[in-house]
Amino acid sequence: MNAAFDPAALVRPDLDGLVPYQVHVHHNVIKLDANENPYDFPVSIREEIWRELGNHTFTRYPDPVAGDLVDRLSDYTGVPAGGILAGNGSDELILTLLLTFGTGGRVVITPPTFSMYEVHARIAGARPVNVPRRQNFALDVPGVIAAARHPETRVIFLCSPNNPTGNATPPEEVAEILKNSRALVVVDEAYQEFGGESCIPLLKEYSNLVVLRTFSKAFGLAGLRVGYLLADPAVVQQLLRIKQPFNLNAFSQLAARTVMARREEFNRLIKLILQDREELYRELAALPGVEVFPTAANFILFRTPLPAEQVYRELLAKGILIRNMHGPGLEQCLRVTVGKRDENRLFLEKLKTILGL
Ligand code: PMP
């Protein structure tokens with residue numbers, strides 16, 4: 001043992017205060033905290049994946065560019081294969097984007113939004129610059145454009161529908177920002193299958209646009225970590241210089257490829273989630289004193305007359321896990337993922353009890 005060795009002293013001082021991503025692990029609870037697809041993975045698709053796995057030896061490295069999956073994604077999105085990059089979850093792609101384009105510069109973020117943009121900007125050695133959303137969570141477009149004009153701005157992150165607020169940004173607003181920016185504009189469409197208008201059509205016109213997508217939400221593959229981005233092929237070429245060569249393992253490539261081939265079967269589940277979202281929204285909004293924010297995603301942001309922490313804890317004690325949100329603009333806000341119909345019903349029932357209704 002070398003008593004003088006202090007690993008913390010070897011870490012870049014600008015990362016002081018960075019804490020591990022916190023996942024609240026609770027067993028035997030109804031999980032409405034992570035915006036996952038609540039339904040069991042379709043059995044026939046799972047069986048097809050098992051069958052294909054039977055032909056796999058796993059002795060060789062995976063395809064570094066996930067060519068078969070990218071071809072399927074090209075079919076799904078209409079974007080040519082040269083403009084698609086697959087990653088180990090979209091989280092990995094956020095980091096790869098920032099390591100490639102952000103390091104040493106400014107990265108514009110529009111809080112309240114997904115926390116990983118700021119965390120990965122710091123890890124990549126970029127300076128996060130906040131342009132807060134308006135009171136109704138719409139983007140401050142002139143504010144974003146002003147920040148985009150700073151000569152050190154390299155990357156701008158927009159999220160639509162936005163996590164955790166749920167609202168979508170109209171593509172016209174994104175186009176306005178694209179037009180007025182020499183920086184790369186990333187639109188995170190992790191929840192786009194649930195609503196909002198996609199920015200994919202803008203890719204033809206704007207070479208500084210990146211659209212980020214994931215298999216973790218609508219397509220039920222959160223456990224296998226598959227995301228992808230769509231961009232100008234010249235942008236993808238730059239990213240390929242930085243990404244880990246074998247970032248996406250063979251199993252996940254195969255599973256995602258199969259999901260894409262059978263994607264119509266997920267439409268039924270997506271439709272069910274959307275119907276249940278409307279129902280849950282209506283019921284929440286009807287509770288006296290409860291404020292509910294409009295959503296285009298598979299989750300709902302809301303406030304109750306009681307402190308958020310109290311509601312969160314009392315729900316957890318009753319076996320229901322949701323998210324207690326923190327940070328400017330999210331005071332006393334909670335976020336609930338749309339679950340299966342009976343899970344939503346139970347959540348509402350327990351919430352009513354807690355609120356004394
Ligand atoms: N973007 C947004 C907006 C998200 O909410 C999430 C997941 N919480 C991600 C990206 C990351 O997804 P993935 O599982 O693909 O890494």
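Everything numeric here is computed off the predicted structure, so don't read it as measured data.

Basis of the calculations
- Residues numbered from 1 in each chain as written.
- Predicted model: local features only at pLDDT ≥ 70, side-chain atom pairs only at ≥ 80, totals over all residues.
- Helix = DSSP H or I, 4+ residues; strand = E, 2+ residues; numbered from the N terminus.
- Rg over C-alpha atoms; globule rule 2.2 N^0.38 Å.
- Contact = placed C-beta atoms within 7 Å.
- UniProt positions renumbered as here; feature names shortened; annotations may be inferred.
- Buried ≥ 20, exposed ≤ 12 C-beta atoms within 10 Å, placed from the backbone.
- Domains from an automatic or database assignment.

Colleague: Could you give an account of the overall build of the protein, naming the residues involved and the relevant values?
Modeller: When helices and strands are tallied, the protein shows eleven helices and 13 strands. In summary, the protein has a C-alpha radius of gyration of 21 Å against a globular reference of 21 Å for 357 residues, a match within 12%. When the backbone C-alpha atoms are referred to their principal axes, the protein occupies close to 60 × 55 × 50 Å. For the protein, restricting intrachain contacts to residue pairs at least 6 apart in sequence, the fraction spanning at least 24 positions comes to 71%.

Colleague: I'd like a rundown of the UniProt feature "modified residue: N6-(pyridoxal phosphate)lysine" (unreviewed entry) in the protein, residues and numbers included.
Modeller: Mapped onto this structure's residue numbering, the UniProt feature "modified residue: N6-(pyridoxal phosphate)lysine" (unreviewed entry) falls at Lys 217. In this fold, Lys 217 is placed in the loop between strand 7 (209-214) and strand 8 (227-231). Dropping the residues within four chain positions of it, Lys 217 is found in contact with Asn 35, Glu 36, Asn 37, Ala 190, Tyr 191, Glu 193 and Asn 298.

Colleague: Help me get a handle on the environment of Asn 37, residues and values and all.
Modeller: The residue Asn 37 is located in the loop between strand 1 (30-31) and helix 1 (43-53) in this model. Taking the C-beta count within 10 Å as the criterion, Asn 37 has 23 such neighbours and is therefore assigned buried. As for Asn 37 and Cys 159, which are separated by 122 residues in sequence, their C-alpha atoms are 19 Å apart.

Colleague: So what about the domain arrangement of the protein? Which residues, and what values?
Modeller: Per the domain assignment, the segments of the protein are domain 1 (20-41 + 265-354) and domain 2 (58-261). Listed as interface residues are 24 residues of domain 1 and, on the opposing side, 23 residues of domain 2. Going through the elements one at a time, helix 9 (264-285) and strand 10 (299-303) are the ones with two or more residues in the side of domain 1 that touches domain 2. Ranked by residue count, the leading element in the side of domain 1 that touches domain 2 is helix 9, at four residues.

Colleague: How would you sum up the UniProt feature "domain: Aminotransferase class I/classII large" (unreviewed entry) in the protein? Please name residues and give values.
Modeller: Feature annotation in UniProt assigns "domain: Aminotransferase class I/classII large" (unreviewed entry) to the following positions: residues 28-351. The span residues 28-351 is 39% helical and 16% strand by assignment, and the distance between its end C-alpha atoms comes to 18 Å.

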